[in-house]
Amino acid sequence: MGLNDSSPGAMRNGRGLSEQWAESVAVRPRTSERHMTVHKRLVLAFALSILTLIVVTVVAVVLGVRFEECVGPDEAPVGAGDSGSRGPGVSPKSNGSRGERVWDRGEEEAGQPWRRSRLPGSLRPRHYDIVLAICMDNFTFSGEVSIDIECLNTTRVIVLHADRLQVERVSVTTEGVAGGRAASRPGGGAIRIHRHFPFPANQMYVVVLHRELKANRSYRLNITFDAAIEDELLGFFRSSYMLQGERHYLAVTQFSPTHARKAFPCFDEPIYKATFSLSLRHDAQYTSLSNMPVESSRPAEDGLLTRRFARTPRMSTYYLAWALCNFTYRETHSDSGVTIRLYARPDAIASGAGDYALHITKRLLGFYQDYFKVQYSLPKLDLLAVPKHPYAAMENWGLSVFVEQKILLDADVSSSSYRMELTMVVIHEICHQWFGDLVTPMWWEDVWLKEGFAHFFEYVGTDFLYPKWNMEKQRFLTDVLHEVMLLDGLSSSHPISQEVQQATDIDRVFDWIAYKKGAALIRMLANVMGQRLFRKGLNDYLLSHMYGNAARDDLWKKLSQAMQSEGRDIDIGAVMDRWTLQMGYPVLTISKNQSEQLSTHYITVSQEHFLYGQEGRGNHSLQWQVPLTVAVGNESWVCSETLIWIHNKTERHWLVEMDDKSWLLGNINQTGYFRVNYDLQNWKLLIQQLHTRPQLISVGNRAGLIDDAFNLARAGYLPQGIPLQLIGYLPEETSFLPWHAASRALYQLDKLLDRTDDYSLFSDYVLKLVASRYHHMGWPSNVANGEGDVLLPSYHTEELQRELIMLACSFGNKQCHRQAVAYISDWISSNKNRIPPNIRDVVYCTGVSLMDEDVWEFIWMKFHSSKAVSEKKILLEALTCSDNAFLLNRLLNLSLTSELVAEQDAIDVIIHVGRNPQGRRLAWSFFRDKWDVLNARYGEALFMNSKLISGVTEFLTTEEELDELNHFIQSSGVGAGPALPRALEIVEGNVRWHRLHRRHFYQWLRKVPSLTYATWS
């Protein structure tokens, strides 16, 4: 530690020399020997004092070095001083005039709050003033952030987040009493800083002060820093695109969930809401955007422009956003006066590719404001289409960012399924402006509170835009409910609300359990409550917590109050905690029984935890409160549904109008999040009903019966022949949804069987199942889908037609193959693509798989020349359908070249090669060989990494491949989160199915004479 002064009265070790000591060393005249002796003694005493000071200094230095060793390399001090600039450490001073305690090294060491995964909570940010100077020439930026903070508990350590930032200077000043006037002290109320340093292990930055910050007082933390605009997909990152042969660059942020800290020092947890003021200084050729409108714009003579944006409402750091680009825009206004703009590449804007999303956004703002009875909070909403992004989109408040494929639409070449997907992504992100932005989960353990609602409203919002699509009652079942129950039936699943401690755990909660199970539970709850009370509860929830944070109990409380307002005393929290705090879901087994005393029938309902692996079913502690709806019917009629609450492991309930010929149907319209099994006699009656008069059972329940039967059989709850017997009625099925449910189940079986010797038994069965309906539906006419066609009632007919063509071509229908080859040949010879947009993906894939290498090269050329993002996507996926191993290997290696294949598309290439039976081993080997590269690229974006891992491994079915996966996990699978354990369980299930069920499955196929229900097994 340094010395401020060398005079006798100077501070040494924090203590001043006493007055007596100062007098004793004063110069005096020599008078006598006695006086000389006294003088010598004083000199000796002075020398001893100097020696003592030297020893104390050495000891202090040694202790300081040992302290730094204790702190560790991650906590090495960056510097210290009054201003916090870089330089040697400065010793702490006492401040006795204010009665404040001096800093004590032992106290800091004892606490070390930066070693904990969460911020300490002693400070709360109130406002950020951020000034950034951005240089796109060398992709760097420098910044200064001033944070107004309120001290809640006395502390002398400021801990906040910073990652990959080069901090230059730090200062802290006193502002005054919290909520009161600023202090007017000499020097601006500066507080001396002992030292400041990064702690990379927790992505934190630590500022240690000489004196305490007092509770209920306000301070200002000022930090200047430098950083790079990364070539990754998180934090503040860069991207590029080609326009008229020239490469253009842009830079955009992606802060969710924990990456704002990569762009500026901040309290990067959702609970720390604050307001933000942002100024961006950059080259004037660029347009800068942020959450709020531009407040002022000042050009400078050096060609730079400074844009200051209006102050935001209170918000969390993760949906703060800014962007720098050369984009142009289209604009519209909502009925309530909100300015809506869509920014994209100039050529995309000129072609009108953004018009569709802009149009539906205007309608959706009105829809949500009416549904929630809460106004949109900002004066504008920008939609930004970027070439690459780690996710489909990000809901930054007032500046939502989309990857181009999820927001740009070329109506002439886009299929109805692509349009539907784009529509739902836009609906999802706009819902977040309320659920997520206006009201934010307190912590990431309840991320489903925003993602589950946004996913649920994808279907509700689509029904508002296009009522004839009937999404919430139909496509929700196959695309959400059936999809997530596959994952949630694994023993490696997890509760939807899961404990989150480390920063590495946060990305892991963004999975399909949070999104899809969250949506399914919300849908179940909405159906139990009724739409009116459900909307009332949501309105109260949003109004009570707007601009703040909420937890699941806050939602349960408002929904319970809504129920109680009409005399329905249901404790929503008690019911839903079973569904959110427990993993998985139940299977309810319903058995019909005859009363011995009375001439009536009753049902026995038992519940158990559904798992695909039988070895995991020993845990009988899991139990749910289940809202079971039941209907009774026979060949000519069906009664209205009855709601029964199942609370216990086994219950008995009496039902009227039930006899020996009556069948039971549970979970009406599949509004509940559970599977239903029946006694074998009831399954037989239901199958007979489907074969004679299927329309008596609703379309949602027909799809539900198919999905339940196949999955119950796969898990060993049912004989293998029952689901195959059940779908024997499909040649007479005229609705899309049951066919879609069946095709999903058949593709699951296909990946298990496509490398077995008896595979033709299965493929022939599917072709016979499909043949009559496929020939009846035919192929679509060659008419491009304009925007107006979306509203036609033929949507489900078009989707059924596409589903049948896909099944026919995938399983080898010769006529389907000839038609696809003819379409491709005509395109090549005429250079005019006459293939109907709705089936282009099927035709492209089929053509590439059947035709020669020249066709592959033709598709590769079209992929590079196409300007329509939807077309590029299906062209790239078609290249993975080749039977040529050389071409597949070439494509896999090219996929890692970002100049040729966008980073987010490379994952799809690897996965689709793995789906190709000829490419399965290639993709699996490529994945293992390139794991270090892939994990470095996608590792932090665990959602993408999880998608890649599951996509590559789900088709592994042999003992040898299981051993390879086990070896890979043990040797290389570090940092992949829960994806690899889940993949291992899925592959183990594939191998187990072969061992236990494949022989019985093929035996049934060999003896089935026809597709009627007469054959029973």
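The rules behind these values
- Residues numbered from 1 in each chain as written.
- Predicted model: local features only at pLDDT ≥ 70, side-chain atom pairs only at ≥ 80, totals over all residues.
- Heavy atoms only, no water.
- Helix = DSSP H or I, 4+ residues; strand = E, 2+ residues; numbered from the N terminus.
- Buried < 20%, exposed > 50% of the residue type's maximum accessible area, 1.4 Å probe, protein only.
- Contact = heavy atoms within 4.5 Å.
- Areas by Shrake-Rupley, 256 points an atom, 1.4 Å probe, with all protein chains shown as cover.
- Disulfide = S-S within 2.5 Å.
- Phe/Tyr/Trp six-rings, centres within 6.5 Å; stacked < 30°, edge-to-face > 60°.
- Lys NZ or Arg CZ within 6 Å of the ring centre and 35° of its normal.
- Polar contact = N/O pair within 3.5 Å; in protein donor to acceptor, adjacent residues only side chain to side chain.
- Axes fitted to C-alpha atoms, helices over the stretch in contact; angles between N-to-C directions.
- Parallel < 35°, antiparallel > 145°, perpendicular 65-115°, else oblique.
- Left-handed = near helix turned anticlockwise from the far one by under 90°.
- Nonpolar A, V, L, I, M, F, W, Y, C, P; charged D, E, K, R; others polar.
- 1 Å grid on protein atoms, 1.4 Å probe; cavity = no way out; pocket = protein on both sides within 12 Å on 5 of 7 lines; lining within 4 Å.
- Points joined across faces, edges and corners; volume = space filled by probe spheres on them.
- Pairing = 2+ DSSP bridges.
- Expected span 1.5 Å × (residues − 1).

K.L.:
Is there a simple way to think about the overall build of the protein in this case?
P.N.:
Check the secondary structure of the protein and you find 31 helices and 32 strands. Burial analysis of the protein (1017 residues in total) assigns 57% to the buried set. Across the protein, contacts joining residues at least 24 apart in sequence account for 72% of those joining residues at least 6 apart. Put simply, the protein shows about 40,500 Å² of open surface, and 51% of that area lies on carbon and sulfur atoms.

K.L.:
Got a minute to help me understand the state of the cysteines in this structure?
P.N.:
Note on terminology: a disulfide is the covalent bond linking the sulfur atoms of two cysteines. Following the criterion strictly, the structure yields 2 disulfides and no others. Linked covalently through their sulfurs, Cys 809 and Cys 816 form a disulfide whose S-S length is 1.9 Å. Since a negative S-S torsion denotes a left-handed disulfide, the Cys 809-Cys 816 link at about -95° is left-handed. Like Cys 816, Cys 809 is buried. The side chain of Cys 845 participates in a disulfide bridge whose partner is Cys 881; the two sulfur atoms lie 2.0 Å from each other. The S-S bond linking Cys 845 to Cys 881 shows a torsion near -105°; that makes this disulfide left-handed. Placement of the pair is Cys 845 in helix α21 (residues 840–850) and Cys 881 in the loop between α23 (869–878) and α24 (885–894), with a sequence separation of 36 residues. You can call Cys 845 partly exposed: its relative accessible area is 27%.

K.L.:
Explain the packing of aromatic side chains to me, please; I cannot follow it from the model alone.
P.N.:
The relation between two aromatic rings is expressed through the spacing of the ring centres and the mutual angle of the planes. Per the counting criterion, the structure on display carries 66 aromatic pairs. With a centroid separation of 5.3 Å and 80° between ring planes, the pair formed by Tyr 678 and Trp 683 is classed as edge-to-face. Looking at Tyr 678, the relative accessible area reads 4%, which means it is buried. The ring of Tyr 371 has Arg 535 sitting right over it, with the charged end atom 4.2 Å from the ring centre. One Lys or Arg, Lys 751, reaches over the ring of Phe 955 and ends 5.5 Å from the middle of that ring.

K.L.:
Would you mind showing me how to read the side chain of Glu 733 here?
P.N.:
Following the sequence through the fold, Glu 733 ends up in the loop between α16 (721–726) and α17 (736–753). A distance of 2.8 Å separates polar atoms of two side chains, one belonging to Glu 733 and the other to Arg 702. At a separation of 2.9 Å, a polar atom in the side chain of Glu 733 contacts the main-chain amide nitrogen of Ser 735. Here Glu 733 is in contact with Arg 702, Pro 738, Trp 739 and Arg 773, once residues within four sequence places are set aside.

K.L.:
Even after reading the chapter, I still don't get the packing of helix α22 (residues 853–865) against α23, so can you show me in this structure?
P.N.:
Between two packed helices, both the angle of their axes relative to each other and the distance between the axes serve to describe the pair. Axis separation between α22 and α23 bottoms out at 9 Å; the angle between their running directions is 155°. With respect to α23, the element α22 is oriented roughly antiparallel. For the pair α22 and α23, the sense of crossing is left-handed. Where α22 approaches α23, its residues Ile 859, Lys 862, Phe 863 and His 864 are matched on the opposing element by Lys 872, Leu 875, Leu 876 and Ala 878. Classifying every residue of the contact of α22 with α23 by side-chain character gives 5 nonpolar, 1 polar and 2 charged.

K.L.:
Sorry, what's going on with the environment of Asp 355 here?
P.N.:
As for its placement among the helices and strands, Asp 355 is situated in helix α5 (residues 355–372). According to the relative accessible area criterion, Asp 355 is partly exposed, its value standing at 32%. Residues Asp 355 and Leu 408 lie 53 residues apart in sequence; the distance between their C-alpha atoms is 8.2 Å.

K.L.:
Before we go on, may I ask you to explain empty space enclosed by the protein in this structure?
P.N.:
Gaps left between atoms are located by rolling a probe of water-molecule size over the structure's atoms. The final tally for this structure, using the stated rule, is 10 cavities of 30 Å³ or more. For the largest cavity, the calculated volume is near 90 Å³. Forming the boundary of the largest cavity are 13 residues, of which Ser 117, His 161, Arg 261, Ala 503 and Ile 506 lie nearest the centre. Class assignment for the residues of the lining of the largest cavity results in 3 nonpolar, 6 polar and 4 charged.

K.L.:
For this particular structure, what's the right way to read the environment of Val 425?
P.N.:
Tracing the backbone through its elements, the reader meets Val 425 in helix α6 (residues 416–431). Setting aside residues up to four positions removed in sequence, Val 425 forms contacts with Ala 392, Ala 393, Phe 402 and Lys 406.

K.L.:
Looking at this structure, I do not really get the pairing of strand β19 (residues 328–333). What am I missing?
P.N.:
Two faces make up the sheet, and in a regular strand the side chains alternate between them. With 6 bridges joining them, β19 and strand β20 (residues 339–344) adopt antiparallel strand pairing. Across the sheet, the residue bridging to His 333 is Thr 339, located in β20. What sits between β19 and β20 in their antiparallel hairpin is a turn of 5 residues, with Gly 337 showing a positive phi close to 95°.

K.L.:
I tried to follow the sheet that holds strand β13 (residues 246–254) on my own but got confused; where do I start?
P.N.:
Think of a sheet as strands paired side by side through backbone hydrogen bonds, with each pair either parallel or antiparallel. Sheet architecture is open: 4 strands sit in the order β12-β13-β18-β15, paired in antiparallel fashion. Where the open sheet ends on each side, the last strands, each with one partner, are β12 (235–243) and β15 (287–290). Neighbour-to-neighbour, the strand axes of this sheet turn through a mean angle of 15°, independent of strand direction. Summarising the sheet, β12 and β13 pair through 9 bridges and their orientation is antiparallel. Counted as the bridge partner of Leu 243 is Glu 246 from β13.

K.L.:
I tried to follow α5 on my own but got confused; where do I start?
P.N.:
For an α-helix, 3.6 residues make a turn, and residues three or four places apart therefore share a direction. Relative to the 26 Å expected for 18 residues at 1.5 Å per residue, α5 spans 26 Å between its end C-alpha atoms, a close match to the ideal helical length. All buried positions along α5 are accounted for by Tyr 356, Ala 357, Leu 358, Ile 360, Thr 361, Leu 364, Leu 365, Phe 367, Tyr 368, Gln 369, Tyr 371 and Phe 372. As for α5, its buried residues are in contact with β19, β20, β21 (380–386), α6, α7 (448–465) and α11 (531–545). Directly beyond the C-terminal end of α5, a positive phi value near 60° is found at Lys 373.

K.L.:
Help me understand the sheet that holds strand β29 (residues 642–646) in this model?
P.N.:
Across the sheet, which stays open at both edges, the 3 strands sit in the order β29-β28-β31 with antiparallel pairing between neighbours. Among the strands making up the open sheet, the edge pair consists of β29 and β31 (663–666). Averaged over all pairs of adjacent strands, the angle between their axes in this sheet comes to 35°, without regard to strand direction. The pairing of strand β28 (residues 626–633) with β29 spans 5 bridges and is antiparallel. Following the sheet pairing, Val 630 is matched in β29 by Thr 642.

K.L.:
How should I be thinking about unusual backbone geometry in this particular structure?
P.N.:
At the junction of Ser 256 and Pro 257, the peptide bond is cis and its omega measures out at -5° in the coordinates. When you line up the elements, Pro 257 lands in the loop between β13 and β14 (275–283). Positive phi, close to 55°, is recorded for Phe 139, a residue that is not glycine. Relative to the helices and strands, Phe 139 resides in the loop between β4 (123–135) and β5 (140–151). Of note in the backbone geometry, Gln 244 takes a positive phi value of approximately 55° without being a glycine. Following the sequence through the fold, Gln 244 ends up in the loop between β12 and β13.

K.L.:
I tried to follow helix α10 (residues 512–529) on my own but got confused; where do I start?
P.N.:
Here α10 spans 25 Å end to end across 18 residues, near enough to the 26 Å set by a 1.5 Å rise per residue. Taken across its 18 residues, α10 has 16 buried, putting it largely inside the fold. Once α10 ends, the next one or two residues include Gly 530, with phi positive near 95°.

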